[in-house]
Amino acid sequence: MKKIKGIISVLAVVLFLTGCASVSKEDCLVTDWFEIGRMDGMQGKPRTAFQNRAKPCLEHGINADRRAYYRGHDEGLMFYCTEQRGFELGRQGLAYRS
């Protein structure tokens, strides 16, 4: 059962990360907000990305877990906010989000 829940959580994260316009109520109920925040943080996205992630769930009457998202986001930033990452992005001609 735990494995199935993990798979569903990963699928929900993938849906949110791909920006799928259609997010079901069920997706919102099983979404791992910590993991979504962590992935956003690892990509250097600002905390304000939470609003865009949470909006489809609010339309279903489901509140997103802001605290879990922020904890995950902060953890993800530890991987993004490194000197090495700045150099990698610079070599690729990409901007470093600070």
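Up top is the structure these notes are about.
Predicted, not measured: the structure shown is a model, and the values here were computed from it.

1. What to know about the nonpolar core
Of all hydrophobic cores here, the largest spans 12 residues; its members are Val-23, Cys-28, Trp-33, Ile-36, Ala-49, Phe-50, Ala-54, Cys-57, Ile-62, Ala-64, Ala-68 and Tyr-69. Listed by contribution, the elements that provide at least two residues to this core are helix H3 (33–42), helix H4 (49–59) and helix H5 (66–80).

2. Here we look at the pattern of salt bridges
Side chains bearing opposite charge may pair, as long as their charged atoms lie close to each other. Tallying each qualifying case throughout the model produces 5 salt bridges. Two residues, Glu-35 and Arg-38, come together in a salt bridge whose shortest N-O distance is 2.7 Å. Of this pair, Glu-35 and Arg-38 both sit in helix H3, 3 residues apart, roughly one helical turn. Arg-38 matches Glu-35 in its accessibility class, with the two residues each being buried. Where Arg-53 meets Asp-40, a salt bridge forms, and the shortest distance between an N and an O atom there is 2.7 Å. Taken together, the positions of Arg-53 in helix H4 and Asp-40 in helix H3 put the pair 13 residues apart, joining distant regions of the chain. Side by side, Arg-53 and Asp-40 carry an identical accessibility label, which is buried. When salt bridges that share partners are traced, they join Asp-40, Lys-45 and Arg-53 into one network.

3. Some remarks on the state of the cysteines
Considering all chains together, one arrives at 1 disulfide under this definition. Note on cysteine connectivity: Cys-28 is disulfide-linked to Cys-57, with sulfurs 2.2 Å apart. With the S-S dihedral at roughly -95 degrees, the linkage between Cys-28 and Cys-57 falls on the left-handed side. Highlighted residues: Cys-28 in helix H2 (residues 25–30) and Cys-57 in helix H4, separated in sequence by 29 residues. The same class applies to Cys-28 as to Cys-57, namely buried.

Rules used in this analysis
- One numbering rule holds for all chains: residues counted from 1, following each sequence as written.
- The predicted nature of this model means local features are confined to residues of pLDDT at least 70 and side-chain atom pairs, given and counted, to a pLDDT of 80 or more, with totals for whole chains, interfaces and linings taken over all residues.
- As a rule here, side-chain values come from all non-hydrogen atoms in the structure, and water together with hydrogens is ignored.
- Each nonpolar core is a collection of buried residues, namely Ala, Val, Leu, Ile, Met, Phe, Trp, Tyr and Cys, held together in the definition by side-chain atoms within 4.5 Å.
- For the exposure calls, accessible area comes from a 1.4 Å probe over protein chains only, and a residue counts as buried if that area is under 20% of its type's maximum, exposed if over 50%, partly exposed in between.
- By definition, any uninterrupted DSSP run of H or I lasting at least four residues is a helix, any uninterrupted run of E lasting at least two residues is a strand, and each is numbered from the N terminus.
- Here, a salt bridge means any Lys or Arg side-chain nitrogen found within 4 Å of an Asp or Glu carboxyl oxygen.
- Note on terminology: disulfide denotes any pair of cysteine sulfur atoms within 2.5 Å.

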